[in-house]
Amino acid sequence: MTRADGRNADGGVEHSGRRGRLLVVDDEPAIVDTVGRFLRFAGYEVCTAATAHEALTAARAFHPELILLDIMLPDGDGFDVMKRLRRDGLAQAVVFLTARDTRADLVKGLTEGGDDYITKPFGLDEVTARVIAVLRRTRPVGTTDPTLCVADLTLDPVSYTVRRGDTPVELTPTEFRLLRYLMLHADRVVPRARLLEHVWSYDFGGDDTVVATYISYLRRKIDTLGPALIHTRRGVGYRIGANPNPAEPAS
């Protein structure tokens, strides 16, 4: 659980990657939890808040690049939160989350300084696409979403493509998510439990044999094209990297 100051229960900022800092503000716990987890998996550093007060506190302490901001909050509305941040000189991009779909409300959000809006109910892929598009428009020139590379393996999160050398690798959505999470943590052993949480979501009802199954799928598609990159730390988890450790057999 992330506090409004952007730190987790242990006092450290929660994050899972290098793509940027996001603040998710909504008074519905299910939305905050689902969107927050999905964006962390996608490689963003995420802080969450449930009220206007928490949103202002978090924005000032956490300095997000973009705020996903619900318009209707229990102690105010998103329009007022954005105005106060602008008055304070904070120029984060704002994407409104709204159940309101009238033209007047949407125009108000954009004309008062919002960068985009998403109407509820929404899909998680739509959220990611809007975040990417807004950050591209609002970041300084030359700032881009990183292509992940491990040896001759590359993964482009924007075009959703994977290549091993000059060879395209076709992956299912689950295989892509698993490979991406491993590459975000390249050269580090990722525990099976963490892979279950971030790739299959925290409420996945199976056991960790699903991880081993999908690791085998990735090996058939990637490690057959060159030296093995996916390595096993028995009893712990998996690591992706160019240099195998003798204590980490590839199967």
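Residues numbered from 1 in each chain as written. Predicted model: local features only at pLDDT ≥ 70, side-chain atom pairs only at ≥ 80, totals over all residues. Heavy atoms only, no water.

To continue, consider the pairing of strand E3 (residues 66-70). Most of E3 sits out of view: five of its five residues are buried. Alternating positions in E3 separate into two faces, Leu66, Leu68 and Asp70 on one and Ile67 and Leu69 on the other, with burial throughout. As paired elements, E3 and strand E6 (residues 93-98) share five bridges and run parallel to each other. Bridged to Leu68 within E6 is Val95. (Buried < 20%, exposed > 50% of the residue type's maximum accessible area, 1.4 Å probe, protein only. Helix = DSSP H or I, 4+ residues; strand = E, 2+ residues; numbered from the N terminus. Pairing = 2+ DSSP bridges.)

Our focus in this paragraph is the sheet that holds E6. Strand order in the open sheet formed by five strands is E2-E1-E3-E6-E7, with parallel pairing between adjacent strands. Every interior strand has two partners, whereas the edge strands, strand E2 (45-49) and strand E7 (116-119), have only one. Taking each pair of neighbouring strands and ignoring which way they run, the sheet shows an average axis angle of 20 degrees. Where strand E1 (residues 21-25) meets E3, four bridges bridge the pair, whose relative direction is parallel. (Axes fitted to C-alpha atoms, helices over the stretch in contact; angles between N-to-C directions.)

Attention now goes to the UniProt feature "modified residue: 4-aspartylphosphate" (unreviewed entry) in the protein. Residues annotated in UniProt with the feature "modified residue: 4-aspartylphosphate" (unreviewed entry) correspond here to Asp70. For Asp70, the location among the structural elements is in strand E3. Ignoring sequence-local partners within four residues, the contact set of Asp70 consists of Val25, Asp26, Asp27, Gly78, Leu97, Thr98 and Lys120. (UniProt positions renumbered as here; feature names shortened; annotations may be inferred. Contact = heavy atoms within 4.5 Å.)

Attention shifts here to the nonpolar core. Nonpolar side chains tend to gather and get buried jointly when the protein is soluble and globular. Among the nonpolar cores identified, the biggest contains 27 residues, and Leu179, Leu182 and Ile240 are the most heavily contacted of them. Breaking this core down by element, the ones donating at least two residues are strand E8 (148-150), strand E9 (153-156), helix H6 (173-184), helix H7 (192-199), helix H8 (209-222) and strand E14 (237-240). Looking at this core element by element, the count peaks at seven residues for H6. Setting aside residues no more than four positions away along its own chain, Leu179 makes contact with Leu153, Leu155, Val162, Leu171, Leu218, Ile222 and Ile240. By size, the runner-up hydrophobic cluster in this structure holds 21 residues, among which are Ala49, Ala59, Val81 and Phe96. (Core = buried A, V, L, I, M, F, W, Y, C linked by side-chain atoms within 4.5 Å.)

Counting through the fold element by element, Gly114 comes out in the loop between helix H4 (103-111) and E7. For Gly114, a relative accessible area of 12% translates into the label buried. In this structure, the C-alpha to C-alpha distance between Gly114 and Ile67, residues 47 residues apart in sequence, is 9.8 Å.

Moving on: the side chain of Asp26. Take Asp26: it is sitting in the loop between E1 and helix H1 (29-41). Classification of Asp26 as buried rests on a relative accessible area of 0%. Within polar-contact distance, the side chain of Asp26 engages the backbone nitrogen of Glu28 at 2.8 Å. (Polar contact = N/O pair within 3.5 Å; in protein donor to acceptor, adjacent residues only side chain to side chain.)

Another aspect to go through is helix H2 (residues 52-62). In an α-helix, one full turn covers 3.6 residues, which means residues spaced three or four apart are oriented alike. Listing the buried residues of H2 in full gives Ala52, Ala55, Leu56, Ala58, Ala59 and Phe62. Around the axis of H2, the buried residues are gathered within 170 degrees of arc, so they sit on the same side. Here the buried face of H2 lies against E1, E2, E3, strand E4 (72-73) and helix H3 (78-87). Where H2 ends, the next residue or the one after it, His63, has phi of about 55 degrees, a positive value. (Arc of directions from axis to C-beta.)

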